[in-house]
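Okay, here's what each chain looks like letter by letter:
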Amino acid sequence: MTRASKVVAAGSTLIALALLASSTAAPAPGPPTGPVMVPAAGLISFDSCADALTELRAAARASVGPYGFEGSVLFGDRAALAAGAEAKGQLDRSATPNHSTTNNHEAGADEPDVVKTDGRRIVTVTGGALRVIDPASRRIIGQLDLPGEETAAYWGSYRLLLLGDRALVLADGSPFVAVDRAWPGPLADAARLFLVDLAGPPALIGTYRIEGSVLDGRLTGGSARVVVRSVPRLEFPFDADESSDRVRTRQNRAVIDRAGVESWLPEYEWTAGDERHTGRVDCDRLSRPKRMTGTSMLTVLSFDLGADRLGDGDPVSVAADATTVYGTASSLYLAGQQPRREADLLRGRPTARDQVTEIHQFDTSEPGRPRYLATGAVPGWLINQYALSEWDGHLRVATTIGDVWGEGRRSESTVRVLRRESGSLLPVGAVGGLGRGERIYSVRYLGPVAYVVTFRQTDPLYSLDLTDPAAPVVTGELKITGYSAYLHPLPDGRLLGVGQEADGQGRTQGVQVSLFDVQDPARPTRLDQWHLSSGWSAAEHDPHAFLYWPTTGLVVLPVNTGLRLLRVDGNQISEIGQVTHPSAAKDAARAWMRPSVHRSLMVGDVLWTVSEAGLRASDPATARSLGWIPTT
């Protein structure tokens with residue numbers, strides 16, 4: 001058996017890696033500290049399935065413990081799939097009114113969400129059904145009950161992408177059961193995709209199922225790329241006896257030693273009309289980073305939403321973990337924390353030496369499967385995709401490194417600038433020393449400028465000038481109590497922050513919205529603040545929940561279970577009112593329970609809000625209800 005591996009050359013297929021979130025904060029920014037980085041090795045392909053199996057087994061044996069893989073799920077829901085569709089009504093194809101869009105990170109890279117609109121219609125996917133709403137008549141004109149969704153009717157199970165008269169629904173929850181054989185072990189979770197035609201009554205024209213769960217997706221041009229994470233199908237024994245951890249680990253390693261390569265390679269099946277096809281990711285579509293755990297697989301699928309079927313998704317997989325997907329109109333980045341060495345795991349809490357994020361860049365400028373370009377590595381952790389930004393041929397990366405949990409609080413954050421060269425993402429400049437003893441809570445890049453918020457007891461808002469990639473500098477710093485977990489740009493040199501107020505010891509005291517003036521890079525200031533004690537907002541961790549309507553300065557964000565409508569006018573934030581949804585409970589004893597309102601959008605001069613219970617049309621100037629459409 002050949003053990004040699006080869007590096008995937010630039011121009012080959014897709015692959016990726018994972019990431020963990022954390023950060024820092026403090027005075028006197030300066031050169032970054034921590035380990036010196038060397039160029040990261042590129043993605044590695046396998047010479048054969050036998051070679052892949054040998055390396056996967058070895059990595060999995062080193063990762064398994066007495067109770068299996070950390071964080072893995074061994075048993076899935078065994079509910080069967082069932083089909084059904086219902087549609088009614090037609091859409092009035094009149095002139096398209098002005099409307100809001102999903103609050104995406106980058107222009108040209110649409111992100112999946114539970115509601116989309118093109119101005120002519122509103123499309124939602126909640127409670128196991130896709131619904132089409134006509135905002136002009138304020139009624140549901142089409143509904144499609146999604147197959148197999150009986151057991152997954154909860155918020156967050158579904159997301160969708162919309163392109164013309166086609167919707168692609170991304171769903172998680174049901175087990176994957178191949179149609180051509182009995183399942184030999186524990187059921188794997190299945191990521192499911194539904195291609196829906198909206199030209200008339202909503203019609204299901206294609207489906208796709210693959211082992212795993214949807215990590216994220218992007219729509220660029222007419223191509224949708226969906227990233228799926230799966231775990232190996234290994235049934236570890238449940239030992240009811242009081243065996244030692246050493247014995248349990250030995251038993252689990254024996255299971256790994258008996259497993260074939262098919263235990264790691266995801267199976268999929270897709271349909272188009274009466275056609276049904278099955279398959280498995282091939283070994284020649286599998287790659288890995290230099291170090292891997294063997295405990296998960298990342299698969300990237302590519303679909304043409306202009307076609308009449310999804311097809312096999314042209315899948316490619318990498319034997320790695322992943323938690324961060326960042327996309328632009330022409331690139332897809334997959335970032336992840338580099339696995340720790342087996343000997344390092346015995347030390348418990350990771351040291352600065354262990355904290356390395358690998359980043360893989362792919363070209364998505366053309367339809368179809370992305371083309372691998374380069375790999376890089378930086379010290380520390382990312383907080384989320386907003387810590388990454390591609391601009392003017394460079395990639396900017398904000399990370400935190402160090403121990404933010406220990407008593408010494410030895411941590412700090414750094415913004416680095418990378419450039420692609422000969423298949424590597426190489427560092428060309430960095431500025432560190434941000435928030436010593438703290439961690440990053442939010443990042444926002446606006447062209448050559450960046451804003452970074454760190455927090456432990458106070459909230460330094462740093463402004464950075466990245467005009468010269470080789471010499472980024474901190475230009476200003478503002479210290480206030482609390483923090484902003486999401487930053488949104490406004491006109492006229494303003495910046496809006498959504499987060500939590502806090503006392504001098506860092507104890508949070510409820511949701512706050514801060515209006516910053518960042519016109520002077522040396523002196524960022526807070527102009528106004530809106531604060532609600534004991535409140536919280538989903539927009540703190542999910543930017544899709546945030547809406548800003550520049551025409552009127554309207555800001556809408558979920559607070560607790562309802563929505564608060566604010567207005568930004570000049571240097572002030574004022575409250576307009578709040579929107580709630582009625583209870584969907586069928587019995588009087590639960591009628592007091594209100595559903596959480598998670599999304600808002602503008603169509604013409606009407607504010608629409610969405611929950612599991614239905615949609616409400618409201619006057620954005622007064623918060624007065626104009627109509628209610630129940631969906632339960």
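These numbers were taken from a predicted model, which means no experiment stands behind them.

Some points on the overall build of the protein
Part 1 of the reasoning: Broken down by element type, the protein carries three helices and 41 strands.
Part 2 of the reasoning: Split into buried and exposed, the 632 residues of the protein put 56% on the buried side.
Part 3 of the reasoning: At a minimum sequence separation of 6, the contacts of the protein that also span at least 24 residues come to 61%.
Part 4 of the reasoning: For the protein, the exposed surface amounts to about 25000 Å²; the carbon and sulfur share of it is 50%.

Digging into the pattern of salt bridges
Part 1 of the reasoning: Following the criterion strictly, the structure yields 27 salt bridges and no others.
Part 2 of the reasoning: Here Glu269 makes a salt bridge to Arg209, at a shortest N to O gap of 1.8 Å. Taken together, the residues Glu269 in strand E13 (residues 267-272) and Arg209 in strand E10 (residues 203-211) connect sequence positions 60 residues apart.
Part 3 of the reasoning: Exposure remark for Arg209: the relative accessible area of 9% places this residue in the buried category.
Part 4 of the reasoning: The partner of Glu412 in a salt bridge is Arg436, with the nearest N and O atoms 3.8 Å apart. Of this pair, Glu412 sits in strand E24 (residues 411-421) while Arg436 sits in the loop between strand E25 (424-434) and strand E26 (439-446); the two residues are 24 residues apart in sequence, bridging distant segments of the chain.
Part 5 of the reasoning: Residue class for Glu412 comes out buried when judged on its relative accessible area of 7%.

So, the pairing of strand E20 (residues 356-363)
Part 1 of the reasoning: A large share of E20 lies buried, amounting to eight of its eight residues.
Part 2 of the reasoning: Across the two faces of E20 the burial is the same, with Val356, Glu358, His360 and Phe362 and Thr357, Ile359, Gln361 and Asp363 all buried.
Part 3 of the reasoning: Taken together, the seven bridges between strand E19 (residues 331-337) and E20 define a ladder with antiparallel strand orientation. Residue Leu334 lies in a different strand from E20, and its bridge partner there is His360.
Part 4 of the reasoning: Inspection of the sheet shows E20 paired to strand E21 (residues 371-379) by eight bridges, in the antiparallel sense. For Phe362, the partnering residue across the bridge sits in E21 and is Tyr372.

Here's the deal with the sheet that holds strand E41 (residues 625-630)
Part 1 of the reasoning: Read from one edge of the open sheet, four strands run E38-E39-E40-E41, paired in antiparallel fashion. Sheet topology places strand E38 (599-603) and E41 at the edges, where each strand pairs with a single neighbour. Across the sheet, the axes of successive neighbouring strands diverge by a mean angle of 20°, strand direction being ignored.
Part 2 of the reasoning: As paired elements, E38 and strand E39 (residues 606-610) share five bridges and run antiparallel to each other. In the sheet register, Leu601 faces E39, and the bridge partner there is Trp608.

Quick look at the environment of Arg166
Part 1 of the reasoning: Here Arg166 lies in strand E8 (residues 166-176).
Part 2 of the reasoning: Between the alpha carbons of Arg166 and Leu195 there is a distance of 7.0 Å; along the sequence they are 29 residues apart.
Part 3 of the reasoning: Excluding residues within four positions of it along the chain, Arg166 makes contact with Leu161, Leu195, Val196, Asp197, Ile205, Leu305, Gly306, Ala307 and Asp308.

Topic: helix H1 (residues 49-63)
Part 1 of the reasoning: For H1, with 15 residues, the first-to-last C-alpha span of 21 Å sits near the 21 Å given by 1.5 Å per residue.
Part 2 of the reasoning: Taken together, the buried positions of H1 are occupied by Asp51, Ala52, Leu53, Glu55, Leu56, Ala59 and Ala60.

Overview of the nonpolar core
Part 1 of the reasoning: Judged by nonpolar contacts, the single largest core of 27 residues is most densely connected at Ile359, Leu395, Val397, Val415, Val443, Val452 and Leu464.
Part 2 of the reasoning: Those elements giving two or more residues to this core turn out to be E19, E21, strand E23 (394-402), E24, E25, E26, strand E27 (449-455) and strand E28 (458-465).
Part 3 of the reasoning: Grouped together as the second largest cluster of nonpolar side chains are 21 residues, Ala52, Leu234, Leu265 and Cys283 included.

Observations concerning the side chain of Asp619
Part 1 of the reasoning: Within the element layout of this structure, Asp619 appears in the loop between strand E40 (614-618) and E41.
Part 2 of the reasoning: A polar atom in the side chain of Asp619 sits 2.9 Å from the backbone nitrogen of Ala621.
Part 3 of the reasoning: When sequence neighbours within four positions are dropped, the list of residues in contact with Asp619 reads Leu565, Arg624 and Leu626.

Looking at the packing of aromatic side chains
Part 1 of the reasoning: On inspection of all chains with the given rule, the structure shows ten aromatic pairs.
Part 2 of the reasoning: Their ring planes at 85° and their centres at 5.4 Å tell us that Phe69 and Phe236 sit as a pair that is edge-to-face. Taken together, the residues span a long stretch of sequence, with Phe69 in the loop between H1 and strand E3 (115-117) and Phe236 in the loop between strand E12 (223-230) and helix H2 (245-258) at a distance of 167 residues.
Part 3 of the reasoning: Here Phe69 falls in the buried class, since its relative accessible area comes to 6%.
Part 4 of the reasoning: Seen from their ring centres, Phe362 and Tyr372 are 5.6 Å apart, and the 55° between their planes marks the pair as tilted. Linking Phe362 in strand E20 with Tyr372 in strand E21, this pair joins segments that are ten residues apart in sequence. By the burial criterion, Phe362 is buried, and Tyr372 matches it.
Part 5 of the reasoning: In this structure an aromatic cluster arises from ring pairing among Tyr208, Tyr268 and Phe303.
Part 6 of the reasoning: Cation over ring: Arg439 sits above Tyr441, and NZ or CZ is 4.0 Å from the ring centre.

Focus on unusual backbone geometry
Part 1 of the reasoning: For Ser422, which is not glycine, the phi dihedral falls at a positive 55°.
Part 2 of the reasoning: Along the chain, Ser422 turns up in the loop between E24 and E25.
Part 3 of the reasoning: Here Ser422 falls in the exposed class, since its relative accessible area comes to 76%.

Considering the state of the cysteines
Part 1 of the reasoning: A full pass over the atoms with the stated rule returns one disulfide.
Part 2 of the reasoning: Two residues share a disulfide in this structure: Cys49 and Cys283, whose sulfurs sit 1.9 Å from each other. Disulfide Cys49-Cys283: the torsion about the S-S bond is 110°, which places it as right-handed. Note that Cys49 is positioned in helix H1 and Cys283 in the loop between strand E14 (275-280) and strand E15 (286-288), a separation of 234 residues in sequence.
Part 3 of the reasoning: For Cys49, a relative accessible area of 36% gives the class partly exposed.
Part 4 of the reasoning: Taking the relative accessible area as the measure of exposure, Cys283 reaches 10% and is therefore buried.

Cut-offs used in this document
- Residues numbered from 1 in each chain as written.
- Predicted model: local features only at pLDDT ≥ 70, side-chain atom pairs only at ≥ 80, totals over all residues.
- Heavy atoms only, no water.
- Helix = DSSP H or I, 4+ residues; strand = E, 2+ residues; numbered from the N terminus.
- Buried < 20%, exposed > 50% of the residue type's maximum accessible area, 1.4 Å probe, protein only.
- Contact = heavy atoms within 4.5 Å.
- Areas by Shrake-Rupley, 256 points an atom, 1.4 Å probe, with all protein chains shown as cover.
- Salt bridge = Lys/Arg side-chain N within 4 Å of Asp/Glu carboxyl O.
- Pairing = 2+ DSSP bridges.
- Axes fitted to C-alpha atoms, helices over the stretch in contact; angles between N-to-C directions.
- Expected span 1.5 Å × (residues − 1).
- Core = buried A, V, L, I, M, F, W, Y, C linked by side-chain atoms within 4.5 Å.
- Polar contact = N/O pair within 3.5 Å; in protein donor to acceptor, adjacent residues only side chain to side chain.
- Phe/Tyr/Trp six-rings, centres within 6.5 Å; stacked < 30°, edge-to-face > 60°.
- Lys NZ or Arg CZ within 6 Å of the ring centre and 35° of its normal.
- Disulfide = S-S within 2.5 Å.

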